[in-house]
Amino acid sequence: MSDIQTTYFEFWQETASRIKETLPQQEFNTWFNRIAYLRSEERKVILAGASQFILDTVIARYRDLIVNTLSELTGEDINVEFVVVSRSEIEHIGKPHETTKQEVIQEKVVEAPPKQRISEEKTLKMKTDCNLNPSYEFNTFVIGDNSAFAYNASLAIAKNPGVSYNPCLIYGGVGLGKTHLLNSIGNYIINNTPELKVMYVTAEMFTNEFIESIGSQKTQHFKNKFRKVDVLLIDDIHFLQGKDSTQEELFHTFNNLYESKKQMVFTCDRPISELKNITDRLSSRFERGLNVDLQPPNYETRMAILKKKLFERGASMSDEILNYIATNVCTNVRDLESSLTKLVAYSELLGQEISFDKGKELLGILPSLAANANQTLSIDTIIKVVGEYFNVSSFEIKGKKKNKSLIQPRQIAMFLARDITEYSTTEIGTEFGGRDHTTVMHSYDRIESLMKGDEAFANTIMKLKRDLTSVKK
Ligand code: ADP
Ligand code: MG
């Protein structure tokens, strides 16, 4: 070893031991036991880690701290470089924070036995302990244009929890894969960094546990449980609407985790701006960080999903039938899946492949298709009824033209769609020729304010509303 190396090695040891004092022990062990001093060059320290994932995390979280501490100790501008080496080499190189023999001995006494590969069984148990559904993994998720952004964000989070996008909100309609992605994040983290404590809950579970903890006077236990995790995944936060004290509790949990840079990911069935009865301070926190949406898949993605699901089940089906399903079931992935399940089950029962006609017949009575057929009130019906009243076609209402004679009927139809149906503004926007949800919100506000100032106008809208709701019955 040259002098420079000896010197920097000692500086590195001192750096690591200083950092150790500033970090929680578990955090330090998680990351700093996985990197080691490799060698030095002039004004450069080269550190090694056993995977790119570990290095990415260390770089994102601690690079500045390491560089600053080293530079401060040496009085020079030190560069730090990171390289990947095999796990056994890391052990060979030695742990970075073994400063003195004394400490090494003490460490040895308390040190856990060398890390063994965690058995699959144990991993599975860990996943179920934190409420994760182990079958939702990134590799079973089919990526399409509709979901690429949400998928990539989720994967980045899973690779670098607490670093990339914190918090993150994934929103979109029912059956579009929110729960699947949320669980994939948790499962990935447990597979790759089992030391991190992950917790998955639905907002409903969170609410129920909170209420229970009040009843049994165990609120402190509840608080501790949620504030001690490294990764908190809360599904379906729209459930919290109108639940004031649960919102308050989540607000404090959020702040606590946020301050200690713990990862949070939420899902919601609509953009946060459309939630009702959520306190501003909580909704502003959900909106902090990254918000990504999931849209319904297009035809090609629907076909790809069907083929993947078929393959996973080891079943087969003619392209003609798959095409029929993909063409007719456009709403969401859950409906696609249940169509397929039904046909696969039938074919297994029969022990033969299903003919196209039989497939069609079976699908005809699928709840998803039946629901489409007699859906309570579709946005298309609203557009049609409003169009007839103002003597403009549905085509024109959905179109891009901005004539005065079209703008108001379009806004009224959007207003009524939002007022009468349960569709989110994102879904309504899609039905109105792919408009943005903010356009729908703007239209709603505009019509609402016109109604306030003009009684005759308000009566017209109310009449249309009555006509439409009687169509429903
Ligand atoms: P959400 O939580 O948005 O209502 P889920 O995550 O429960 O939807 O998805 C419904 C079903 O569809 C699940 O079985 C899920 O595995 C499947 N699914 C959704 N999106 C995809 C996708 N892109 N690729 C594969 N399966 C998907
Ligand atoms: Mg869900």
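Our structure is the block above this text.
Bear in mind the structure is a predicted one, so any value in this text is a computation, not a measurement. (Residues numbered from 1 in each chain as written. Chains lettered and ligands numbered in written order. Predicted model: local features only at pLDDT ≥ 70, side-chain atom pairs only at ≥ 80, totals over all residues. Heavy atoms only, no water.)

## Things to note about the overall build of the protein chain
Argument step 1. When you go through the protein chain residue by residue, the secondary structure sums to 23 helices and eight strands.
Argument step 2. In the protein chain, which comprises 473 residues, the share counted as buried stands at 45%.
Argument step 3. For the protein chain, restricting intrachain contacts to residue pairs at least 6 apart in sequence, the fraction spanning at least 24 positions comes to 74%.
Argument step 4. When the accessible surface of the protein chain is totalled, it reaches about 24,600 Å², and 50% of it is carbon and sulfur. (Helix = DSSP H or I, 4+ residues; strand = E, 2+ residues; numbered from the N terminus. Buried < 20%, exposed > 50% of the residue type's maximum accessible area, 1.4 Å probe, protein only. Contact = heavy atoms within 4.5 Å. Areas by Shrake-Rupley, 256 points an atom, 1.4 Å probe, with all protein chains shown as cover.)

## Regarding helix α16 (residues 356-364)
Argument step 1. Considered for burial, the residues of α16 that qualify are G359, L362 and L363. In an axial view of α16, the angular spread of the buried residues amounts to 95 degrees, which keeps them on one side of the axis. Facing away from the buried side of α16 by more than 90 degrees, the exposed set consists of D357 and E361. (Arc of directions from axis to C-beta.)

## Here's the deal with the sheet that holds strand β3 (residues 79-84)
Argument step 1. Taking strand neighbours across the sheet as the criterion, the three strands line up as β1-β2-β3 in an open arrangement whose pairing is mixed. Because the sheet does not close on itself, it has two edges, and the strands there are β1 (35-41) and β3. Strand-to-strand, the axes of this sheet are offset by a mean angle of 30 degrees, without reference to chain direction.
Argument step 2. Sitting on the sheet, helix α3 (residues 52-74) is in contact with β1, β2 (44-49) and β3, with an inclination near 160 degrees to β3. (Pairing = 2+ DSSP bridges. Axes fitted to C-alpha atoms, helices over the stretch in contact; angles between N-to-C directions.)

## Describing the packing of aromatic side chains
Argument step 1. Evaluated as defined, the whole model comprises 16 aromatic pairs.
Argument step 2. Each ring, one from Y324 and one from F356, has its centre 5.8 Å from the other, and the planes form 90 degrees; the classification is edge-to-face. On the criterion of sequence distance, the pair formed by Y324 in helix α14 (residues 319-328) and F356 in helix α16 is long-range, its members being 32 residues apart.
Argument step 3. Aromatic pair Y389 and F390: ring centres 5.1 Å apart, planes at 85 degrees, arrangement edge-to-face. (Phe/Tyr/Trp six-rings, centres within 6.5 Å; stacked < 30°, edge-to-face > 60°.)

## A look at the pattern of salt bridges
Argument step 1. Under the criterion given, the structure shown has 21 salt bridges.
Argument step 2. Salt-bridge contacts for E249 lead to K223; the nearest nitrogen and oxygen are separated by 3.0 Å. Taken together, the residues E249 in helix α11 (residues 244-259) and K223 in helix α10 (residues 219-227) connect sequence positions 26 residues apart.
Argument step 3. Given the relative accessible area of 4%, E249 is considered buried.
Argument step 4. In the salt-bridge network here, residues are joined through shared partners; they are R39, E41, K44 and E81. (Salt bridge = Lys/Arg side-chain N within 4 Å of Asp/Glu carboxyl O.)

Any functional reading would require information beyond the geometric quantities listed.
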